[in-house]
Structure formats: C-alpha cells, structure tokens
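# Close look at the chain arrangement
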Amino acid sequence: MVEKFDIKQLRYFAMTKRLNFLIGSGTSVPAIPLMSFFKSKDNSDEEANNLLSDKVKAVSMKVLEDISNANDEDNIKAVLKRYSEFIKVVLQLLYHANSRQVTKNINIFTTNYDLFIEKSLDELMKYESFVFNDGSNGYFNRILDSANYNKSVAYRGLNDNYLNELPTLSLIKPHGSMNWERGQEDNILIRQSVVENPVVVKPTGLEGQETFLNNHFHDMLRVFQLELDKPQSILIVIGFSFQDKHIAKMLNRSLKNPELNVFIFCYSESDKQKILTNLGLSDCPRNLNVITPNELDEKYKTKHEVEDEDESDWFSFDLSNLTELLRDMSFEE
C-alpha cells in the first residue's frame, strides 16, 4: 500500500517560510500542447520550436482579448480559469501567513512564456490588495532588471505612526515572455501586448543562442538560485519535469541548503522516475519530496476511467489539484 503524503508539514512550511513556486509547461495544457506534440520525424528541433512559439503567441493574443463569450476557445478559458483560481489561493496564503517571520513575498518562477499568469493577476488586482512585481522599472518604457526583485513596498500610516509591509507576488520568467521586446540598448522592455519578435529562450537550451539571451537567462536563474539559497525557503514545483539541465543543476546545488525544502508534484505515477532521472538522482535526499497522485487523498487528484477492462483507471495531478490542496492549507485552522 502506498504511504499517503501528509500535507500538514507542507502547510506549516508554506505559512511560515519563504515560499517559491516553479511552474512548467504542463500547467498550460491543453491550451498549449507540450513540445512533444510538435515533434515528429519530419520536423527538426528548430521547426518544432518555431511551431510551439507560434502557438504560444496565438494563444497569448487570445488570452489578452475578451473571450468570455467565445464558443471556440474552451481550452483557453479553462486554463485561464485554472491559473486565476491558483493565484487567488496563493494570495490567500500571503494574507493568512501572519506568523510568517520572513518578508511578505511569494515568488512564482515559470519557464512558460505565455501570458496566462499576467492576465490572471491583472484581473485580480482590480479587487485584491497586493503588489505585483514583474521585475520592471519605468513608466512609458518599462525595463526589466533583476535588481528590482529585491524591492518591498510598505503602507505608511496617515500620521507616520506605523509601517506595514504589503503582500507582494513576484513573477520571474527565465525563458522570456511573449510581451518582452528587445530595447535599443540591449535591455528588455515589458509591453502591454504580444510583440512581433518576443524575447524567448527556446526549450532546446542555450546552445547556439546569442550572448544577449544567455545573459538574460543566467540573470533570471541567478534570482532563482539566490532565493533557494536563503534560509527558511520552500519550493513547490508543478508541471515541470526538469528537462532543462541548467535548472536541474541549480536545484541539485540548492538541495545542499539544509533549510530548503522542495516539493515536486508529478502529473502521473510514471513521472516520478523521469524527474529523478533528469535530476541525476537515484533517490530523494531528506529535503526533497517527489509526490505522485497515488500518495494523495482522493480529493486532491483527478480520476481517469479506462473503458478497457484489461487496464486500470489512473489518477493525475495538475494545477487545479494543487489549488485545492493549497486552498485547504490556507483556511485550515
């Protein structure tokens, strides 16, 4: 019998420590298929990358439109709703973490360059009280600079009699974004719409990439490394299998931090071995948890019924399941 994962430990960490999320391409499925969907014997890696980029661009343009009444965009609407519900719960963790002894900031690292998270945050900012930090500085020309992630914002009383740090949600995108444009001085400008030639790092890695993209990639990953090296840190991973060797290497190095705790949620049972293999591990060290659907209660996973009598039903875990798990954590007494 598979031993069930105890979410009480995760709840305690999420409410009291520096909370970080790492979100991969699996969270935007089915609106945006995985890279494997675009690969075939007739397509080179470059062609598959271009097909994926075109798909991400088209979906991102749709995301920024009003598709609430569109009949042919069900996948996009479903994924956008999934992200929005996730962000709502993440904000609840910030609001309820009164015992948190660290800064009131949650970092979301994502290798996705679609605009689902930005759209969700834009809608939530209309009626939620929090600061969104995307690393930009400026007004008409918003320029990305990793140094801006070190900022915090506080509310000062009318009579300057107190200073209260506002909850901050920081979004860090090491692979770039569909609304990032290269500036004239080799900087990155963050636009309010999808740009013609977005700054993105293709999934095949950095081989052959120009210095400009290399510098950006390593600059953003440096933020990732610094956050995981901080005391009392926690990382929750969803939709990411660590095929990116640079990120896998950084996580391995970060696991030497005894105060870091990592929780990787697998989509299916078979993903656990893939993730461990990509990390170059044969087993989990003390501060690494790779969690499969079978280790979770029924309410935190999705059942897939199989019609073939010779095959068993199976379970999966995605962003909506993680949202339910975190929702219970944020309101649990």
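Now for a look at the structure at hand. For every chain, the first residue of the written sequence is number 1, and numbering continues from 1 along that sequence. In keeping with the predicted nature of the model, local features appear solely for residues at pLDDT of at least 70, side-chain atom pairs appear and are counted solely at 80 or more, and the whole-chain, interface and lining totals rest on all residues. Excluded from the side-chain calculations are hydrogens and water; all other atoms, namely the structure's heavy atoms, are used.

### Some words on the overall build of the protein
Scanning the protein from N- to C-terminus turns up nine helices and 17 strands. Each principal axis of the C-alpha atoms in the protein carries an extent, and together these give about 70 × 50 × 45 Å. The proportion of buried residues among the 333 residues of the protein is 50%. Any two residues whose heavy atoms approach within 4.5 Å at even a single point are treated as in contact. A separation threshold of at least 6 residues defines the contact pool for the protein, and within that pool the share at least 24 residues apart is 71%. Calculation of accessible area relied on Shrake-Rupley with a 1.4 Å probe; when residues are assessed, cover is drawn exclusively from the protein chains displayed. Surface accessibility of the protein: about 17400 Å² in total, with carbon and sulfur atoms responsible for 47%. Considering the protein, the positive charge centre built from 38 side chains and the negative charge centre built from 51 side chains are found 5 Å apart. The way it works is that DSSP assigns letters per residue, a run of H or I at least four long becomes a helix, a run of E at least two long becomes a strand, and they are numbered from the N terminus. Only protein chains enter the area calculation, which uses a 1.4 Å probe; residues under 20% of their type maximum are buried, those over 50% are exposed, and those in between are partly exposed. The positive count covers Lys and Arg only, the negative count covers Asp and Glu only, and His and the chain ends enter neither. Think of each charge as sitting on NZ of Lys, CZ of Arg, CG of Asp or CD of Glu.

### Quick notes on the pattern of salt bridges
By definition, a salt bridge exists where a carboxyl oxygen of Asp or Glu is found within 4 Å of a side-chain nitrogen of Lys or Arg. Across all of its chains, the model carries 16 salt bridges by this definition. Residues Asp 186 and Arg 182 are paired through a salt bridge, measuring 2.8 Å at the closest nitrogen-oxygen approach. Accessibility expressed as a relative area gives 37% for Arg 182, which makes it partly exposed. For Asp 219, the salt bridge identified is with Arg 222, shortest N-O distance 3.3 Å. You can see Asp 219 and its partner Arg 222 sitting in helix H6 (residues 211–229), three residues apart, about one turn around the helix. Of the residues examined, Asp 219 reaches a relative accessible area of 25% and is grouped as partly exposed. On the basis of relative accessibility, which here comes to 41%, the residue Arg 222 falls in the partly exposed class. It is possible to trace a salt-bridge network through shared partners that takes in Glu 85, Lys 88, Glu 324 and Arg 327.

### Considerations on the layout of surface pockets
Of the pockets and cavities examined, the largest pocket occupies roughly 1400 Å³. Cavity: a set of points on a 1 Å grid over the protein atoms alone where a 1.4 Å probe fits but cannot get out. Pocket: an open set with protein on both sides within 12 Å along at least five of seven lines, its lining residues, like those of a cavity, having an atom within 4 Å of a point. Looking at the largest pocket, it is lined by 47 residues, and the ones nearest its centre are Ser 25, Leu 34, Gly 239, Ser 241 and Gln 243. Going through the elements one at a time, helix H2 (35–38), helix H3 (45–63), helix H7 (245–254) and helix H8 (271–278) are the ones with two or more residues in the lining of the largest pocket. Ranked by residues supplied to the lining of the largest pocket, first place goes to H8 with four residues. Polar here means any residue other than Ala, Val, Leu, Ile, Met, Phe, Trp, Tyr, Cys and Pro, which are nonpolar, and Asp, Glu, Lys and Arg, which are charged; Gly is therefore polar. Among the residues making up the lining of the largest pocket, the classes are represented as 20 nonpolar, 17 polar and ten charged. Grid points are joined across faces, edges and corners, and a volume is the space filled by probe spheres set on the points. Here the second largest pocket defines a volume of roughly 470 Å³.

### Here we look at the pairing of strand E13 (residues 233–238)
On any regular strand, side chains alternate: one points to one face of the sheet, the next to the other face. For E13, a buried count of six out of six residues is recorded, marking the element as mostly surrounded by other parts of the structure. The side-chain alternation of E13 yields two buried faces, one formed by Ser 233, Leu 235 and Val 237 and the other by Ile 234, Ile 236 and Ile 238. Two strands make a pair as long as DSSP finds a minimum of two bridges between them. Pairing of strand E1 (residues 18–23) with E13 involves six bridges; the strand directions are parallel. In the strand pairing of E13, Ile 23 is matched with Ile 238. The pairing of E13 with strand E14 (residues 260–265) spans six bridges and is classified as parallel.

### Details of the environment of Asn 294
Looking at the element boundaries, Asn 294 is found in the loop between strand E15 (288–291) and strand E16 (302–304). Distance in space between the C-alpha atoms of Asn 294 and His 216 is 39 Å, their sequence separation being 78 residues.

### Quick word on empty space enclosed by the protein
Under the defined criterion, the tally for this structure stands at one cavity of 30 Å³ or more. In this structure, the largest cavity spans a volume of roughly 30 Å³. When its residues are assigned to classes, the lining of the largest cavity shows three nonpolar, two polar and three charged.

### Examining the state of the cysteines
Disulfide assignment relies on a single distance test, namely cysteine sulfur atoms paired within 2.5 Å. Under the criterion given, the structure shown has zero disulfides. No disulfide involves Cys 266; its nearest neighbouring cysteine sulfur is the one of Cys 284, lying 8.8 Å away. Under the relative-accessibility criterion, Cys 266 is labelled buried at 1%.

### Here we look at helix H1 (residues 7–16)
Since the α-helix advances by 3.6 residues per turn, residues separated by three or four positions end up pointing in the same direction. Most of H1 is tucked away, with seven of its ten residues classed as buried. Where H1 is concerned, the buried positions are Ile 7, Leu 10, Arg 11, Phe 13, Ala 14, Met 15 and Thr 16.

### Notes on the nonpolar core
Ranked by size, the top nonpolar core spans 57 residues in total, and within it Phe 21, Phe 86, Phe 116, Phe 265 and Leu 322 carry the most contacts. Broken down by element, this core gets its largest block of residues, eleven residues, from helix H4 (residues 74–96). Working definition of a nonpolar core: buried Ala, Val, Leu, Ile, Met, Phe, Trp, Tyr and Cys residues. They are joined through side-chain atoms within 4.5 Å. Trp 180, Val 201, Phe 212 and Cys 266 belong to the second-largest nonpolar core, a separate cluster that totals 37 residues.

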